[in-house]
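Here's the letter readout for the chains.
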Amino acid sequence: MFEKVECEVPHKDVETERGTVRLDVQLTFDRGLVGIEAKLDHELTARQVAAQLEALGKTGTLFVLVPRKESLASSVMHDDRVSVIDWDEALACFDAPRLVKDDIEGEGRLLKTTVEARLHALGLHERMPDWDIRVQRGDGGMPSIVFERRLHDSEDAKWIRGQIQVPGRGMPPHFEDTQFEGFVGISVDHTSDADFPNPNLAEEAPSWIRALEVLDEQVLSKNPGRIAVSRGSAGNGRKGLGKHKLPLAKRHLSGRTHLARGYADWSIGPKTEPVGLDDLDALVETMLTWSNGWFAALQEVSLTRAEQ
């Protein structure tokens, strides 16, 4: 039996134990809760869905309304407690809806979800079966597909972390104008003295420097792929000991500091030149060449400093 309907319902985030998880609409029945989450061009992550299901309880069900089902992670699409419907299906329920498809898709309103659907369609899960793959939006809100793989089984092992992303902090006016760039790096921790020693005191290069030398000498110099390495300048880290990133690169990677781009709190490595949609498949092949070649090369060498 139906009991009540509520909107913008906050629940405690059980996993993080801080903050809240919100449901757009929550229906209460005598046998459990039903949540409804509607999205236009906003991101809906597997983590958000898991938190909402946790909030709804073991008997709860979640209905998700999105522009394109292809933009969702497969774990969301195949969850037995989640029912997904797109806006085409929703509008088809009405004979003369006041909201029409152009209201939703017009004037480039769904560019990000369109790009995310394209990234899912790249099939990286099948092409990189040993890697962790996810589509997400970065700190600047731009769509990306991330791939990661641990070098060894030990808990303190380094990871190769990369992504194909839309560069910058704003989408173009039209989907066909979208550009992408590739990035592959080695994991770092901006709080670690091992990763970011004081460049004026430490003589030995940190392990990420050695890893980048291996990438350059054994992969990029021999089989660089179809998309060129960007020679853009590396920036410095902004968090913690990340301020040592650029001085360390200048000291130990003389003339090759373009290899030390990326993020001092995540991963450091080179980027590609940006490409358009027509070259996206070539960019994927280049990322496969860089990441798989680098992973194989690093299995054969000992990094200067193994501690994280």
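Residues numbered from 1 in each chain as written. Predicted model: local features only at pLDDT ≥ 70, side-chain atom pairs only at ≥ 80, totals over all residues. Heavy atoms only, no water.

## Quick word on the confidence of the model for the protein chain
The condition that has to hold: Confidence of the prediction at every residue is given by pLDDT, a number between 0 and 100. Note on contacts: a residue pair is in contact if any heavy atoms of the two residues lie within 4.5 Å.
When the pLDDT values of the protein chain are averaged, the result is 90; 94% of them are 70 or greater. Low pLDDT, under 50, characterises residues 304-308; the stretch is placed with 15 contacts to residues that sit more than four places away or in other chains.

## Some remarks on the packing of helix H7 (residues 207-220) against helix H9 (residues 280-298)
Each pair of packed helices can be summarised by the angle the axes make with each other and by the distance between the axes. Applicable threshold: The axes used here are C-alpha line fits, helices contributing only the stretch in contact, and every angle between their N-to-C directions lies in the interval 0 to 180 degrees. Under the scheme used here, helices are H or I runs from DSSP no shorter than 4 residues and strands are E runs no shorter than 2 residues, and both carry numbers assigned from the N terminus. When describing relative orientation, an angle under 35 degrees is termed roughly parallel and one over 145 degrees roughly antiparallel, while 65 to 115 degrees is termed roughly perpendicular and anything else oblique. For any pair of crossing helices, the crossing counts as left-handed if the nearer helix is rotated counterclockwise from the farther one by less than a right angle, and right-handed if it is rotated clockwise. Just so you know the grouping, Ala, Val, Leu, Ile, Met, Phe, Trp, Tyr, Cys and Pro go in nonpolar, Asp, Glu, Lys and Arg go in charged, and all remaining residues, Gly too, go in polar.
Contact geometry of H7 with H9 gives a least axis separation of 9 Å together with a crossing angle of 115°. Classified by the angle their axes make, H7 and H9 are roughly perpendicular. Where H7 crosses over H9, the handedness of that crossing is right-handed. On H9, the residues touching Ala 211, Leu 212, Val 214, Leu 215, Gln 218, Val 219 and Leu 220 of H7 are Thr 289, Trp 290, Gly 293, Trp 294, Ala 297 and Leu 298. Here the contact of H7 with H9 is built from residues that sort into 10 nonpolar, three polar and no charged.

## Brief notes about the side chain of Glu 213
Take Glu 213: it is sitting in helix H7. In contact with Glu 213, not counting residues within four places along its chain, are His 252, Leu 253 and Arg 256.

## Observations regarding the pattern of salt bridges
Heads up, the condition is: Salt bridges are defined by distance alone: a side-chain nitrogen of Lys or Arg within 4 Å of a carboxyl oxygen of Asp or Glu. Accessible area is worked out with a 1.4 Å probe on protein chains only. A residue is then buried under 20% of its type maximum, exposed over 50%, and partly exposed in between.
Evaluation of the coordinates by the stated rule reveals 17 salt bridges. One salt bridge connects Arg 127 with Glu 285, and the closest N-O pair in it is separated by 2.4 Å. Here the residue Arg 127 occupies a position in helix H6 (residues 124-127), and Glu 285 occupies one in helix H9, the gap between them amounting to 158 residues. Relative accessible area serves as the criterion here: at 33%, Arg 127 is assigned to the partly exposed category. On the basis of relative accessible area, Glu 285 is assigned to the partly exposed category, the value being 35%. In this structure, a network of salt bridges that share partners links the residues Arg 210, Glu 213, Asp 216, Glu 217 and Arg 256.

## Considering the packing of aromatic side chains
Applied cut-off: What counts as a ring pair is set by centres within 6.5 Å for rings of Phe, Tyr and Trp (its six-membered ring), and what kind of pair is set by the plane angle: stacked under 30 degrees, edge-to-face over 60, tilted for all other angles.
Under the definition given, this model contains seven aromatic pairs. Considering the side-chain rings of Trp 131 and Phe 147, the 6.1 Å spacing of their centres and the 75° angle between planes classify their relative orientation as edge-to-face. Remark: Phe 147 occurs in strand S7 (residues 143-150) and Trp 131 occurs in the loop between H6 and strand S6 (132-137); sequence separation between them is 16 residues. The exposure classification of Trp 131 matches that of Phe 147, with both residues buried. Between Phe 196 and Trp 208 the ring centres are 5.9 Å apart and the planes differ by 45°, which places this aromatic pair in the tilted class.

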